[in-house]
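# Coordinates in review
Given next are the chains, with one letter for each unit.
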Amino acid sequence: MSDLLYLDHNATTPIDPLVCDAMLPWLRNEFGNPSSIYGLGRRAAAALTKAREQVATLVGAQPSEIIFNSCGTEATNTAILSALAIDPDKRHVITSTVEHSATIKLCEYLATRGYEITWLPVDAQGKLDVTKLEAAITSETAVVSLLWANNETGILFPVEEIAAITKRKKVPLHLDAVQAAGKVPINLETLGAQYVSLSAHKLYAPKGIGALYLNRKARYTPLLRGSQEETRRGGTQNVASIVAFGKAAELATAALLTAPEHIAALRDRFEQTLLSTIQGVRRNGASEPRLPNTSNLTFSGIEAESALLLFDQEGLCCSAGSACSSGSINPSHVLTAMGVTRDEARASLRFSFGRTTTEEEIDRALEIIPRVVAKLRSAQPVGGSPVQFAA
Ligand SMILES: *Cc1c(COP(=O)(O)O)cnc(C)c1O
């Protein structure tokens, strides 16, 4: 097994060593319950206070607006269900066809419970037509829930325009900023969204810790009832992971200020080289504003699933579509929503770079990928011979 070449940072990130160091004392001697009043508990409570400030700073919020929970998925479920519970007469939810499964699966479930769901489409570039959002809002609409940044393509939705519309129409807005946080600047103080989902493991902290931003003026009803988080989310806080999330947020805030161009430069060299050296390669979503670290490419005539297995033999990790329970891969709903055919979607790969990705790693990937694509194309003319896409 060769060295790991990890180009799947949108799936999860390695824990930053500084994050690990920050969290370790809270797994060892500092085991107090933050609700206890003796010193051990008060120290844990103080650690939560600090982490809440660090996370708030990353997204331009006030610390009191950050509610720690178990993951981004919980934040999204809480936000949408809160909006529905507050206004039980309003039974309409607006979302899009390219959301993360946390939103899609909940909305599909809500549809079976008699709620009306509007699935806003995107065009071939992955662009959301905000006039369609405006037109879809009715007096029945309880919440609008949209991605900030797409996990598969990196495309950024126009969140300022979206927030201006929901504000004008007086409808609560939830944004899934799990991929955006730490990759692009976020200022929730000026944005005016009611709910925003965050997750630590996309930010070099552990899995199983997330946060819901709840605008201090927003109405809210909790998903898990209990006394913690000022009764907004019950359950004894995961102190060590919250400390890690805080440290990771602090590091991400600094990285956004000091090195914002680094990853984009790597990504652009990666894409330009592949586009100029392999025939039948197309970028998905590259004409829209997008995250600096994400590259979604279609290699006509290959099976992405086979590519992943060959890449794995060389230590290269990237992703394709979404794995279903059997471990096989469904064509990406994000790409098919953009009008990509199922065959082309099955020939598409997502590479996502991280803070620690080096020029040498890009060089290695640029050696492996053309070789694997050539091998797959000579082995299996399944989708016909490689074609040149129109520009
Ligand atoms: C990873 C991800 C989530 C889910 O976060 P978890 O903490 O894994 O539940 C939600 N939305 C987006 C866009 C993501 O990339």
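Residues numbered from 1 in each chain as written. Predicted model: local features only at pLDDT ≥ 70, side-chain atom pairs only at ≥ 80, totals over all residues. Heavy atoms only, no water.

We now examine helix α6 (residues 159–169). Along α6, the residues classified as buried are Val159, Ile162, Ala163, Ile165 and Thr166. For α6, the angular spread of buried residues about the axis comes to 160°, placing them on one side. Along α6, exposed side chains directed more than 90 degrees from the buried face belong to Glu160, Lys167 and Arg168. For α6, the elements touching its buried residues are α5 (130–136), β5 (141–147), β6 (173–176) and α7 (188–191). Of the residues trailing α6, Lys170 is marked for its positive phi of about 55°. (Buried < 20%, exposed > 50% of the residue type's maximum accessible area, 1.4 Å probe, protein only. Helix = DSSP H or I, 4+ residues; strand = E, 2+ residues; numbered from the N terminus. Arc of directions from axis to C-beta. Contact = heavy atoms within 4.5 Å.)

If you trace the backbone, Phe31 turns up in the loop between α1 (17–23) and α2 (39–59). Overall, Phe31 belongs to the exposed group, its relative accessible area being 62%. Separated by 256 residues in sequence, Phe31 and Ser287 have C-alpha atoms that sit 49 Å apart.

Another point: the environment of Ser319. Secondary-structure assignment places Ser319 in the loop between β11 (316–317) and β12 (322–323). Leave out the neighbours within four places in its chain, and Ser319 touches Asp8, Leu308, Ser348, Leu349 and Arg350. Side-chain polar atoms of Ser319 contact the side chain of Asp8, separated by 3.3 Å. (Polar contact = N/O pair within 3.5 Å; in protein donor to acceptor, adjacent residues only side chain to side chain.)

Here we take up the side chain of Asp8. Tracing the backbone shows Asp8 in the loop between β1 (5–6) and α1. Excluding residues within four positions of it along the chain, Asp8 makes contact with Cys317, Cys318, Ser319, Arg350 and Ser352.

A few words now on the sheet that holds β5. Read across the open sheet, the 7 strands follow the order β2-β8-β7-β6-β5-β3-β4; overall the sheet is mixed. Among the strands making up the open sheet, the edge pair consists of β2 (66–69) and β4 (116–120). Taking the axes of each pair of neighbouring strands and ignoring which way they run, one obtains an average angle of 20° across the sheet. (Pairing = 2+ DSSP bridges. Axes fitted to C-alpha atoms, helices over the stretch in contact; angles between N-to-C directions.)

Contacts to the ligand come from Cys71, Gly72, Thr73, His100, Leu147, Asn151, Asp176, Val178, Gln179, Ser199, His201 and Lys202. Residue Gly72 places a main-chain N or O atom 2.9 Å away from an oxygen atom belonging to the ligand. For the ligand, an oxygen atom lies 2.6 Å from a polar atom in the side chain of Ser199. Considered on its own, the ligand offers 380 Å² of accessible surface; in the complex 90% of this is hidden by protein. (Near = heavy atom within 4 Å. Areas by Shrake-Rupley, 256 points an atom, 1.4 Å probe, with all protein chains shown as cover.)

Relative orientation and spacing of two packed helices are given, respectively, by the angle between their axes and the distance between those axes. Following both chains from N to C, one finds helix α10 (residues 304–313) and helix α13 (residues 359–379) inclined at 130°, their axes separated by 10 Å at the closest point. Taken together, the axes of α10 and α13 are oblique relative to one another. When the axes of α10 and α13 are compared, the crossing they make is right-handed. Between α10, through Ser306, Ala307, Leu310 and Phe311, and α13, the contact on the second element is made entirely by Ile368, Ile369, Val372, Lys375 and Leu376. (Parallel < 35°, antiparallel > 145°, perpendicular 65-115°, else oblique. Left-handed = near helix turned anticlockwise from the far one by under 90°.)

Pairing within the open sheet is antiparallel, and its 3 strands lie in the order β9-β10-β14. The open sheet terminates on both sides in strands that have one partner only, identified here as β9 (281–283) and β14 (348–352). Strand after strand, the sheet turns through a mean of 30° between neighbouring axes, direction not considered. Pairing analysis gives 5 bridges linking strand β10 (residues 294–299) to β14, with the strands arranged antiparallel. The partner of Thr294 across the bridge, within β14, is Ser352. Of the strands in this sheet, β9, β10 and β14 are in contact with helix α9 (residues 262–277), which crosses β10 at around 10°.

Packing of α9 against α13 leaves a shortest axis separation of 10 Å and a crossing angle of 20°. Relative to α13, the element α9 lies roughly parallel. The two elements α9 and α13 meet at a crossing, and its hand is right-handed. Listed contacts from α13 to Leu266, Arg269, Phe270, Thr273 and Leu274 of α9 are Glu359, Ile362, Asp363, Ala365, Leu366, Ile369 and Pro370. Class assignment for the residues of the contact of α9 with α13 results in 8 nonpolar, 1 polar and 3 charged. (Nonpolar A, V, L, I, M, F, W, Y, C, P; charged D, E, K, R; others polar.)

Purely geometric stuff here, so don't read any function into it on its own.
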